[in-house]
Amino acid sequence: MATQVATRARTFKTSVDIPADARGKVVRVLNQHLADSFDLLSQVKQAHWNVKGSDFWQLHKLFDEIAARAAEWVDEFAERVTALGGYATGTARMAAASSRLPEFPTDISDSMEYVRAVADRLGAFTNSAREAIEETDELGDADTADLFTEISRCADKYLYFLEAHLQG
Ligand SMILES: [Fe+2]
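Conventions and cut-offs
- Residues numbered from 1 in each chain as written.
- Predicted model: local features only at pLDDT ≥ 70, side-chain atom pairs only at ≥ 80, totals over all residues.
- Heavy atoms only, no water.
- Helix = DSSP H or I, 4+ residues; strand = E, 2+ residues; numbered from the N terminus.
- Rg over C-alpha atoms; globule rule 2.2 N^0.38 Å.
- Buried < 20%, exposed > 50% of the residue type's maximum accessible area, 1.4 Å probe, protein only.
- Contact = heavy atoms within 4.5 Å.
- Areas by Shrake-Rupley, 256 points an atom, 1.4 Å probe, with all protein chains shown as cover.
- Lys, Arg positive; Asp, Glu negative; His and termini not counted.
- Charge placed at Lys NZ, Arg CZ, Asp CG, Glu CD.
- Salt bridge = Lys/Arg side-chain N within 4 Å of Asp/Glu carboxyl O.

**Q** In this structure, what is going on with the overall build of the protein? I would like to understand it.
**A** Across its full length, the protein carries 6 helices and 0 strands. Its helices and strands taken in sequence order, the protein reads α-α-α-α-α-α from the N to the C terminus. A globule of 168 residues ought to have a C-alpha radius of gyration of about 15 Å, and the protein, at 17 Å, matches this closely. Looking at the protein residue by residue over its 168 residues, the buried ones come to 44%. Expressed as a percentage of contacts within the protein between residues at least 6 apart in sequence, the contacts between residues at least 24 apart total 80%. Per element, the accessible surface of the protein, about 9000 Å² overall, is 51% carbon and sulfur. Positive and negative side-chain charges of the protein, numbering 18 and 27 respectively, have mean locations separated by a distance of 5 Å.

In structure tokens form, the structure reads like this:
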């Protein structure tokens with residue numbers, strides 16, 4: 001754990017003119033969302049592979065589409081960290097150690113239970129990304145705030161696709 005903390009604090013020279021202290025705080029927020037999104041990616045893939053039922057095919061495809069978006073978010077978060085002179089903590093083990101998402105349930109079988117499990121995690125992810133918009137804006141980084149805005153807007157859309165299965 002001490003190694004992880006030291007690793008996260010590594011910094012590199014950059015000409016980006018956001019003050020070092022604020023940049024460090026933004027990097028911490030980004031690395032947290034890097035961990036969350038990497039975990040989300042693996043969990044949505046888990047749903048993609050294991051979902052069963054008469055609606056298998058459409059959910060298999062929908063979960064894969066969400067996973068593809070999550071893979072993009074992982075990359076965007078990591079590259080914003082490095083653009084700010086930070087060190088991206090982006091391995092699967094680093095993500096597992098830091099993610100705030102609950103582990104994916106292994107005892108479900110009904111397809112709607114899969115939709116609920118993915119929706120719960122995507123919902124937690126998008127709401128925390130929304131919180132990060134204001135957090136990073138207040139730290140003086142409108143570009144990172146914009147990244148969180150774009151990502152949470154996209155995640156909200158997929159959350160709606162999932163939740164539409166559970167309503168009606
Ligand atoms: Fe696949």
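Now that the structure has been shown, the text picks up again.
**Q** Even after reading the chapter, I still don't get the side chain of His60, so can you show me in this structure?
**A** If you trace the backbone, His60 turns up in helix 3 (residues 56-83). Overall, the relative accessible area of 17% leaves His60 in the buried class. Once residues within four sequence positions are removed from consideration, His60 is found in contact with His48 and Val51.

**Q** Hey, could you run me through the pattern of salt bridges in this one?
**A** Side chains that differ in charge, positive against negative, can pair when their charged atoms come close. Using the criterion set out here, one finds 7 salt bridges in the structure. Lys25 is the salt-bridge partner of Asp21, the closest N and O atoms lying 3.3 Å from each other. One end of the pair, Asp21, and the other, Lys25, are both in helix 2 (residues 20-50), 4 residues apart, so they sit about a helical turn from each other. Overall, the relative accessible area of 35% leaves Lys25 in the partly exposed class. Note that Arg69 and Glu72 form a salt bridge whose closest N and O atoms lie 3.1 Å from each other. Linking Arg69 with Glu72, this pair stays in helix 3, spanning 3 residues, or about one helical turn. For Arg69, a relative accessible area of 22% corresponds to the partly exposed category. Note on Glu72: relative accessible area 41%, which makes it partly exposed.

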